[in-house]
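Chain and residue survey
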Amino acid sequence: MKNRVLYYAGLMILLAAFTAACTAGKKQYDTGMQLSQAGKYEDAIAYIEEAIAKEPNNKEYKQSLAEIKAILVKQYVDAGTRDLGYADSRTMSNINRAKASLGKAQKVDAASPVVKAFADKVSGAESSLVGEVEKLYAQAKTFKADEEWVKAYFNFQQIQARFPNYEDSYQLMSQTAQQGSDAYFAEAKALFEKDDYK
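The following paragraphs examine the structure supplied in this document. Predicted, not measured: the structure shown is a model, and the values here were computed from it.

**Structural notes on the packing of helix H3 (residues 41–54) against helix H4 (residues 59–84)**
The geometry of a pair of packed helices is captured by two quantities: the angle between their axes and the separation between those axes. Contact geometry for H3 and H4: axes closest at 10 Å, N-to-C directions at 155 degrees. What the angle tells us is that H3 and H4 run roughly antiparallel. For the pair H3 and H4, the sense of crossing is left-handed. Taken together, the residues of H4 that come into contact with H3 (itself represented by Tyr41, Glu42, Ala44, Ile45, Ile48, Glu49, Ala51 and Ile52) are Tyr61, Lys62, Ser64, Leu65, Ile68, Lys69, Ile71, Leu72, Gln75 and Tyr76. Class assignment for the residues of the contact of H3 with H4 results in 12 nonpolar, two polar and four charged.

**A short note on the packing of helix H7 (residues 149–162) against helix H8 (residues 169–193)**
Between H7 and H8, whose axes approach to 9 Å, the crossing angle comes to 155 degrees. Here H7 lies roughly antiparallel to H8, going by the angle between them. For the element pair H7 and H8, the recorded crossing hand is left-handed. On H8, the residues that touch Trp149, Val150, Ala152, Tyr153, Phe156, Gln157, Ile159 and Gln160 of H7 are Ser169, Tyr170, Leu172, Met173, Thr176, Ala177, Gln179, Gly180, Ala183 and Tyr184. The residue inventory of the contact of H7 with H8, partitioned by class, reads 12 nonpolar, six polar and no charged.

**Points about the pattern of salt bridges**
Overall, the coordinates contain seven salt bridges when judged by the stated rule. Linking Arg162 and Glu132 is a salt bridge whose minimum nitrogen-to-oxygen distance equals 2.7 Å. Residue Arg162 is found in helix H7, and its partner Glu132 is found in helix H6 (residues 113–145); the two are separated by 30 residues along the sequence. The residue Lys151 makes a salt bridge to Glu148 at a minimum N-O spacing of 3.1 Å. By relative accessible area, which is 45% here, Lys151 ends up partly exposed.

**Some remarks on the side chain of Ser169**
Assignment of secondary structure puts Ser169 in helix H8. A polar side-chain atom of Ser169 sits 2.6 Å from a polar atom in the side chain of Gln160. In contact with Ser169, not counting residues within four places along its chain, are Tyr137, Phe156, Ile159 and Gln160.

The rules behind each value
- Residues numbered from 1 in each chain as written.
- Predicted model: local features only at pLDDT ≥ 70, side-chain atom pairs only at ≥ 80, totals over all residues.
- Heavy atoms only, no water.
- Axes fitted to C-alpha atoms, helices over the stretch in contact; angles between N-to-C directions.
- Helix = DSSP H or I, 4+ residues; strand = E, 2+ residues; numbered from the N terminus.
- Parallel < 35°, antiparallel > 145°, perpendicular 65-115°, else oblique.
- Left-handed = near helix turned anticlockwise from the far one by under 90°.
- Contact = heavy atoms within 4.5 Å.
- Nonpolar A, V, L, I, M, F, W, Y, C, P; charged D, E, K, R; others polar.
- Salt bridge = Lys/Arg side-chain N within 4 Å of Asp/Glu carboxyl O.
- Buried < 20%, exposed > 50% of the residue type's maximum accessible area, 1.4 Å probe, protein only.
- Polar contact = N/O pair within 3.5 Å; in protein donor to acceptor, adjacent residues only side chain to side chain.

As far as function goes, none of this settles anything; it's purely spatial.
Here is the structure:
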């Protein structure tokens, strides 16, 4: 009889330990799921990761974590895509905002194919913008050297609008404005002195 009591007591202890082990992360998981339903995905991820740390073999927890991460990544990538805007009106400011969204998405799940594809898109957009700005810069310097002040100034303005303070474009734009004003003033003065109003 005594052995039977010890046997059942041992069985109860084992059952209690097994039950406790199986529900060790349940509270964190439930909290995480409630936060997810409320749209607080970052907090939800933290709680579900705690649950997985307590129950590393729980497939339900891992599946929920993957789904919540995918939702959050999509939100960040969508926001970054909106920030990029259209190629013909893209600015460095747009790209920097998209990079910030990309950084958040990478923090959630850097291995995600969606995140990797967006990283390539942001990198391509930045390379494209820099190429366009380099072309405008070269043209503007040529126009300035040829004393085509209006064209040079216009290009420098476009550079400032799309990529503020690129190289020395701001200083060159100021110089162009001053040199162009001086040149047009001298030309007007010479025409006035000749009494030639054509």
